[in-house]
Amino acid sequence: ILERWLNSMLSEESLEGQIFTVPRVGIIMGSDSDLPVMRDAANILNSLGVPIEVRIVSAHRTPEMMYSYALSARERGIQIIIAGAGGAAHLPGMVAALTPLPVIGVPVLSSSLDGVDSLLSIVQMPRGVPVATVAINNARNAGLLAARILAVGDADMQARIIQYQQDMKDDVLRKADKLEK
Ligand code: RP5
């Protein structure tokens, strides 16, 4: 039920084709309050055709669930985990400690310290336990980074990323052109 509710929070088009596919990227977050930020990761991965799953898993409120999620992810076919959290953002680091999969951390903007607390909690990992940390609230980049990692062994995915880059470039050039006129 939670999965359906989370998916219904994503855009309509993003749900297409996702339901019966084995997810390659797990998107997890500490609270449903992170969803408005984390949906950007889900949407970009959906638009690139990467099957995902979206879960709420809290390091502090549901530690057992976090533990079993991190331990089972690889066996279930997940290849990359994107973990978003705010404040005392321990989720990405703890998951990275429990799985051999690459973990990408998204620091979610917190109300009192402008997200710097989230950023530092996620980025300052001890040697040996890496978390690839994107900018505060930049879940889209987390999704794009996950797609780039998958593309190393996936020519179709690489073509989609090259197309994404081309579209971005065209968009900037179009805007620059409009400004000059
Ligand atoms: C963290 O605490 C979550 O990742 C969230 O960013 C933050 C606040 O959670 P709520 O109190 O809004 O549920 O665990």
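Residues numbered from 1 in each chain as written. Predicted model: local features only at pLDDT ≥ 70, side-chain atom pairs only at ≥ 80, totals over all residues.

Peer 1: Before we go on, may I ask you to explain the sheet that holds strand S2 (residues 52-56) in this structure?
Peer 2: The strands that make up a sheet pair up through hydrogen bonds in the backbone, lying either parallel or antiparallel. If you trace the five strands from one edge of the open sheet to the other, you get S2-S1-S3-S4-S5, paired in parallel fashion. Each edge of the sheet is formed by a strand with only one pairing partner; in this case those strands are S2 and strand S5 (132-133). Contacts between helix H5 (residues 116-123) and the sheet are confined to strand S3 (80-86), strand S4 (103-108) and S5, with S4 contributing the most and set at about 160 degrees to the helix. (Pairing = 2+ DSSP bridges. Helix = DSSP H or I, 4+ residues; strand = E, 2+ residues; numbered from the N terminus. Contact = placed C-beta atoms within 7 Å. Axes fitted to C-alpha atoms, helices over the stretch in contact; angles between N-to-C directions.)

Peer 1: Explanation requested: the pairing of S4 in the structure shown.
Peer 2: Both faces of the sheet carry side chains from a regular strand, because those side chains alternate between them. Counting buried positions along S4 yields six of six residues, so the element is predominantly enclosed. Covered by surrounding structure in S4 are Val-103, Gly-105 and Pro-107 together with Ile-104, Val-106 and Val-108, the residues of both alternating faces. For the crossover that starts at S3, traverses helix H4 (residues 91-98) and ends in the parallel S4, the hand is right-handed. Bridge count for S4 against S5 is two bridges, and the pairing is parallel. Bridge pairing in S5 places Ile-104 opposite Ala-132. One crossover worth recording links S4 to the parallel S5 by way of H5, and it is right-handed. (Buried ≥ 20, exposed ≤ 12 C-beta atoms within 10 Å, placed from the backbone. Right-handed = clockwise from strand over helix to strand, strands pointing away.)

Peer 1: Please clarify how the site of the ligand should be interpreted in this entry.
Peer 2: In the neighbourhood of the ligand, the contacting residues comprise Met-29, Gly-30, Ser-31, Ser-33, Asp-34, Ser-58, Ala-85, Gly-86, Gly-87 and Val-108. For the shell around the ligand, a count of residues per class yields three nonpolar, six polar and one charged. (Near = placed C-beta within 6 Å. Nonpolar A, V, L, I, M, F, W, Y, C, P; charged D, E, K, R; others polar.)

Peer 1: Can you walk me through unusual backbone geometry in this structure?
Peer 2: Note on backbone geometry: most residues besides glycine have negative phi, and most peptide bonds are trans. Of note in this structure, Asp-114 is not a glycine but carries a positive phi near 55 degrees. Looking at where Asp-114 falls in the secondary structure, it is placed in the loop between S4 and H5. Of note in the backbone geometry, Asn-137 takes a positive phi value of approximately 70 degrees without being a glycine. Turning to its location among the elements, Asn-137 is positioned in the loop between S5 and helix H6 (139-151). Assessed through the 21 C-beta atoms surrounding it within 10 Å, Asn-137 is described here as buried.

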